[in-house]
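# Coordinate analysis (summary)
Spelled out from the first residue to the last, the chains are:
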Amino acid sequence: MTPPILSLSLETARRLTISNQRLSGPAAKPDAEGMLNVLRSIHCLQLDPISAVTRSHRLVLWSRVGQFDAAALDQLLWQDRTLFEYWAHEASIVLTEDYPFHVAMMRQYSEGSSPWSVRVQEWLSQNVDLRDFILAELQKNGAMLSRQFELEGIHPENWVSTGWTSGRNVSRMLDYLWIRGIISVAGRAGGQKLWDLTERVFPQFTGAELPSHEELTERAVEEAIKSLGAATRQNIDVHFIRRRYHELPKALERLEAAGRIVRVNIEDNGKHLPGTWYVHPSDLERIGELQNGAWHPRTTLLSPFDNLICDRARTKKLFNFDFTIEIYVPANKRKYGYYVLPILHGDQLIGRVDSKFNKKEGRYEIYNVYAEDSAPMDAVTAKAIRANIDNLAAFLGATGIQFGKNVPAGWRKFLQ
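Here the structure is a predicted model, which is why all the values come from computation and not from measurement.

What follows covers the state of the cysteines. On inspection of all chains with the given rule, the structure shows zero disulfides. In this model C44 remains outside any disulfide bridge; the closest cysteine sulfur is found in C310, 7.3 Å from its own.

Dropping the structure here:
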């Protein structure tokens, strides 16, 4: 007899997600061990070059551990090598112990018959000399910056695109060799990537026998669900090893049949949320605790690229929070601002902070603070938001905070 499907309230599903994302209860320790533990829960830190406040990966960590020393993160990346840079959601910081999961990208990149794959293969076949030159230079010199490759006597066929990569042949080849796993990011110099041969950076993975596509996918699905809390197939597909799950529907069937994932219903006002939802068996005890009131809320600001909210459709479904990054929206058409940090308060997203760190003046500038219609307008909430703004300003190294006039009336006394 098939056991009944477990039902979760929408509130419990939100709290499970937030808990698994390390955004409830006591913050993790702001040291190398604490950050590594956070990465083991969320699996990737998306890298983004925009630093209106600070780089996104630093914000994601700050939301979970508070103020931390960047040297501790550098130690994990460039000395311990327990973390490395690769392509997960997007370009990301990921766990070295997860290296086998990312081999799918290394195997599949540029393969296939899509117009993109055909174009990449054609460009590569035209630029064998460039490829061989880069690898020979790295073999001879060790880690190098992209600008250090001097193409004397080599005349590559230009990579043509409508974006910033057009004509940047060395950078394009380096990216190709990186995604294929032939070279790796061995360090950073002034924010720029230092490239080296993977066989020198991660010799333990060079030539290692790897699990099958099916096994890697099953293990990656389990890790994704543990990070997400409750998730549909669509949620999993855009999380962790985004859109690289080999035959994902079949993998879900196998995992459910083996009891390695558990189907659940999520109920909101007597109705089931659409879709087939799964949780990991290791979370069943935690679900019971949450249903019995074991919940330790926290208030924090989130990066616009935070793992909790990077799946916009899922964010809308679970939190009833519409969030769009307006970086590329013309200024006169923005609804909230250029770089907006959502406010997580307990199990709700209650508002947004439109801000920028003015490095020249050493000032954290809060242009606008917005509240959702359902946001609590009380002193406790306002003080929690202000405490987070103060903490973030200290993390940025700001010597002052400046608020604009647009602050919700119910919070104004404590924010300004």
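Let's pick the thread back up.
With that settled, consider the pattern of salt bridges. Counting across every chain of the model gives 21 salt bridges. In this structure, D306 engages R64 in a salt bridge whose closest nitrogen and oxygen atoms are separated by 2.8 Å. Placement of D306 in the loop between β11 (299–301) and α14 (312–319) and of R64 in helix α3 (residues 56–65) is noted, with a sequence separation of 242 residues between them. Take R64: its relative accessible area is 0%, and that puts it in the buried class. Linking E289 and R286 is a salt bridge whose minimum nitrogen-to-oxygen distance equals 3.5 Å.

In this structure, L83, I134, I183, Y339, Y364, L392 and W411 are the most contacted members of the largest nonpolar core, which totals 88 residues. L23, V264, F321 and F323 belong to the second largest nonpolar core, which has 27 residues in total.

Here we have three strands laid out as an open sheet, ordered β2-β4-β3, and antiparallel in their pairing. The sheet is open, and its two edges are formed by β2 (44–46) and β3 (83–87), each paired on a single side. Sheet twist, expressed as the average angle between the axes of neighbouring strands with direction ignored, equals 30°. As paired elements, β2 and strand β4 (residues 91–95) share three bridges and run antiparallel to each other. In the sheet register, C44 faces β4, and the bridge partner there is V94.

With 11 of 11 residues buried, helix α8 (residues 169–179) lies mostly within the body of the structure. For α8, the set of buried residues is N169, V170, S171, R172, M173, L174, D175, Y176, L177, W178 and I179. Within two residues after α8, G181 carries a phi angle of roughly 80°, on the positive side.

This part covers the packing of helix α5 (residues 99–108) against helix α10 (residues 213–228). Following both chains from N to C, one finds α5 and α10 inclined at 125°, their axes separated by 9 Å at the closest point. One finds that α5 runs oblique with respect to α10. Note that α5 runs across α10; the crossing there is left-handed. Listed contacts from α10 to P100, F101, R107 and Q108 of α5 are H213, L216, R219, A220 and E223. Of the residues assigned to the contact of α5 with α10, the class counts are four nonpolar, two polar and three charged.

Residue placement: P26 occurs in the loop between α1 (10–20) and α2 (32–42). The spatial distance from the C-alpha of P26 to the C-alpha of S114 is 47 Å, given a sequence separation of 88 residues.

This part is about the packing of α1 against helix α13 (residues 284–291). Running from amino to carboxyl end, α1 crosses α13 at an angle of 125°, the nearest separation of the two axes being 10 Å. Considering their axes alone, α1 and α13 lie oblique with respect to each other. Our pair here, α1 against α13, has a crossing hand that is right-handed. Between α1 and α13, the contacting residues are T12, R15, L16 and S19 on the first element and R286, I287, L290 and Q291 on the second. For the contact of α1 with α13, the per-class residue count stands at three nonpolar, three polar and two charged.

Next up on the list: the sheet that holds strand β14 (residues 363–371). Hydrogen bonds between backbone groups are what pair the strands of a sheet, and the pairing can be parallel or antiparallel. Ordered in space as β11-β12-β13-β14-β15, the five strands form an open sheet in which the pairing is mixed. Strand pairing shows two members of the sheet lacking a second neighbour, β11 and β15 (400–406), which therefore form its edges. On average, each strand axis in the sheet is inclined to that of its neighbour by 25°, with strand direction left out of account. In this structure, strand β13 (residues 348–358) lies alongside β14, joined through eight bridges in antiparallel fashion. Each residue of the ladder has a partner; that of G351, found in β14, is A371.

Analysis parameters
- Residues numbered from 1 in each chain as written.
- Predicted model: local features only at pLDDT ≥ 70, side-chain atom pairs only at ≥ 80, totals over all residues.
- Heavy atoms only, no water.
- Disulfide = S-S within 2.5 Å.
- Salt bridge = Lys/Arg side-chain N within 4 Å of Asp/Glu carboxyl O.
- Helix = DSSP H or I, 4+ residues; strand = E, 2+ residues; numbered from the N terminus.
- Buried < 20%, exposed > 50% of the residue type's maximum accessible area, 1.4 Å probe, protein only.
- Core = buried A, V, L, I, M, F, W, Y, C linked by side-chain atoms within 4.5 Å.
- Pairing = 2+ DSSP bridges.
- Axes fitted to C-alpha atoms, helices over the stretch in contact; angles between N-to-C directions.
- Parallel < 35°, antiparallel > 145°, perpendicular 65-115°, else oblique.
- Left-handed = near helix turned anticlockwise from the far one by under 90°.
- Contact = heavy atoms within 4.5 Å.
- Nonpolar A, V, L, I, M, F, W, Y, C, P; charged D, E, K, R; others polar.

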